[in-house]
Amino acid sequence: CLLWGRAKMEGVEELVGFLGSPRADVRAQAVELTLGVTGSDGGVVMLNSVEGKGACTLLARILNDPEPAATRAAQALTNMSTNERVLLKLVENKVLWSSLLDVLA
């Protein structure tokens, strides 16, 4: 159903917006929800298709947040790396890749 798909995409766009919140508590909640979305291929595709500041960029910034948000962001990025386009973004961005490995280590 096209309407249902559009509603889902709007929800994902709103979720990505919360990843960029100036409030750490809002970002932490958004990361938890994002981690759930990254559990499916369709969720990864929707996250990757959000225009503007992408989910990868915003999750990368959260890698510097306090725990457990940083670890959850790293897990979400790891899940997203199953998508070839996301993986290329991660590999091309050496600073992001380094930060991701630091959090997961």
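Throughout what follows, the structure given in this document is the object of discussion. Because the structure is predicted, anything quoted here is derived from the model rather than measured.

## Let's talk about the packing of helix 4 (residues 55–62) against helix 5 (residues 69–80)
In step 1: Across the interface, helix 4 lies against helix 5 with an axial gap of 8 Å and an inter-helix angle of 150°. Between helix 4 and helix 5, the interaxial angle falls into the category roughly antiparallel. In this structure, helix 4 crosses over helix 5, and the sense of that crossing is left-handed. Between helix 4 and helix 5, the residues in contact are A55, C56, L59, A60 and I62 and A69, A70, A73, A76, L77 and M80, respectively.
In step 2: Grouping the constituent residues of the contact of helix 4 with helix 5 by class yields 11 nonpolar, no polar and no charged.

## Focus on unusual backbone geometry
Most peptide bonds take the trans configuration, and most residues that are not glycine carry a negative phi.
In step 1: Put simply, E67 and P68 share a cis peptide bond, and its omega is 5°.
In step 2: The topology assignment puts P68 in the loop between helix 4 and helix 5.

Definitions and limits used
Residues numbered from 1 in each chain as written. Predicted model: local features only at pLDDT ≥ 70, side-chain atom pairs only at ≥ 80, totals over all residues. Heavy atoms only, no water. Axes fitted to C-alpha atoms, helices over the stretch in contact; angles between N-to-C directions. Helix = DSSP H or I, 4+ residues; strand = E, 2+ residues; numbered from the N terminus. Parallel < 35°, antiparallel > 145°, perpendicular 65-115°, else oblique. Left-handed = near helix turned anticlockwise from the far one by under 90°. Contact = heavy atoms within 4.5 Å. Nonpolar A, V, L, I, M, F, W, Y, C, P; charged D, E, K, R; others polar.

These values are about where atoms sit, not about what they do.
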